[in-house]
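Here's the letter readout for the chains.
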Amino acid sequence: MHATEHFLLPASLSKRSRALPLEAKSLDDGVFEGYASLFNREDLGHDVIAPGAFRESLLNRGAARIKMLFQHDPAEPIGVWDEIREDARGLYVRGRLMTAVSKAREVLALMRAGALDGLSIGFKTVKARRDAASGVRRLEKVDLWEISVVTFPMLPGARVQSVKARPFAASAPTEREFERWLTRDAGLTRMEARAVLRSGFHGLKALRDAGRTFTGDAALASRFREAARLLST
């Protein structure tokens with residue numbers, strides 16, 4: 001991979017991508033989430049992604065302008081990314097397979113069966129340095145073009161842990177179960193979850209207004225839309 005390399009290449013050139021297994025949490029209605037890259041982990045191509053490598057690209061493009069492809073094939077768009085962000089672990093993604101598209105339906109069926117579980121990023125290298133002793137290349141800035149669902153990942157780890165049904169469909173959760181869901185699956189901190197249990201959305205917003213959380217209004221709304229989607233029957 002060189003600074004002049006370009007993406008949106010055929011699957012036969014997928015060695016220019018960086019892939020790892022998909023960690024899916026939900027496949028209801030074609031929605032899934034996981035990590036498209038993990039920081040400070042060497043892949044089989046001897047590349048390591050540094051924290052912050054995607055920051056500028058995400059600011060410039062946002063999730064809406066990063067394509068979801070199948071096997072890096074530009075002729076096979078299969079869905080859209082609703083959220084792409086860096087966290088302490090890596091590049092977190094949440095997307096939707098467009099089930100009106102036949103290939104997306106096939107991908108969804110394979111994901112649900114556990115037969116397809118890889119994610120791979122398509123990018124152009126902007127800034128990198130190579131360790132002369134180990135030969136490992138550290139990617140410090142990349143221009144992210146697309147994220148593909150793939151068959152064979154390059155980076156071991158983060159396997160599919162579960163394909164969940166809609167939560168609490170059988171019975172109403174206990175307070176403890178709902179708090180656990182808010183922190184584990186809805187992405188809230190424990191303090192935020194307890195504010196929700198006390199006073200709902202207004203409690204969470206009050207916590208933000210008091211300066212005890214860094215969540216903005218748009219992120220709050222997004223979290224609650226996702227919570228409502230998952231909890232609906």
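Structure shown above.
Predicted model, so just to flag it, every value in this text is computed and none were measured.

(A) Just the overall build of the protein chain, in detail. Of regular secondary structure, the protein chain possesses five helices and eight strands. Reading the secondary structure of the protein chain in the N-to-C direction produces β-β-β-α-β-β-β-α-β-β-α-α-α. Among the 233 residues that make up the protein chain, the fraction classed as buried is 44%. Within the protein chain, counting contacts between residues at least 6 apart in sequence, those at least 24 apart form 64% of the total. As displayed, the protein chain offers around 12,000 Å² of accessible surface, 53% of which is attributable to carbon and sulfur atoms.

(B) Up close: the nonpolar core. Within the largest apolar cluster, 30 residues are counted, with the highest numbers of intra-cluster contacts made by Phe54, Trp81, Ile84, Leu91, Leu97, Ile121 and Ile147. Elements represented by at least two residues in this core include exactly strand E2 (31-38), strand E4 (67-70), strand E5 (73-86), strand E6 (90-97), helix H2 (102-113), strand E7 (118-130) and strand E8 (137-150). Per element, the largest residue contribution to this core is five residues, and it comes from E8. What phenylalanine 54 contacts, discounting residues up to four positions off in sequence, is Ser37, Phe39, Ile49, Glu86, Leu91, Ile121, Val142 and Leu144.

(C) Structural context of the environment of leucine 97. Within the secondary structure, leucine 97 is located in strand E6. Counting along the chain gives 65 residues from leucine 97 to phenylalanine 32, while the straight-line C-alpha distance between them is 8.1 Å.

(D) Representation of the pairing of E7 in the model. With twelve bridges connecting them, E7 and E8 associate as antiparallel partners. If you follow phenylalanine 123 over to E8, its bridge partner there is leucine 144. Hairpin remark: E7 followed by E8, antiparallel, with six residues in the connecting loop; positive phi at glycine 135, about 80 degrees.

(E) Up close: the side chain of glutamate 33. Positionally, glutamate 33 belongs in strand E2. Within the local environment of glutamate 33, its side chain forms a polar contact with the side chain of tyrosine 92, the two groups lying 2.2 Å apart.

Reading the values: the criteria
- Residues numbered from 1 in each chain as written.
- Predicted model: local features only at pLDDT ≥ 70, side-chain atom pairs only at ≥ 80, totals over all residues.
- Heavy atoms only, no water.
- Helix = DSSP H or I, 4+ residues; strand = E, 2+ residues; numbered from the N terminus.
- Buried < 20%, exposed > 50% of the residue type's maximum accessible area, 1.4 Å probe, protein only.
- Contact = heavy atoms within 4.5 Å.
- Areas by Shrake-Rupley, 256 points an atom, 1.4 Å probe, with all protein chains shown as cover.
- Core = buried A, V, L, I, M, F, W, Y, C linked by side-chain atoms within 4.5 Å.
- Pairing = 2+ DSSP bridges.
- Polar contact = N/O pair within 3.5 Å; in protein donor to acceptor, adjacent residues only side chain to side chain.

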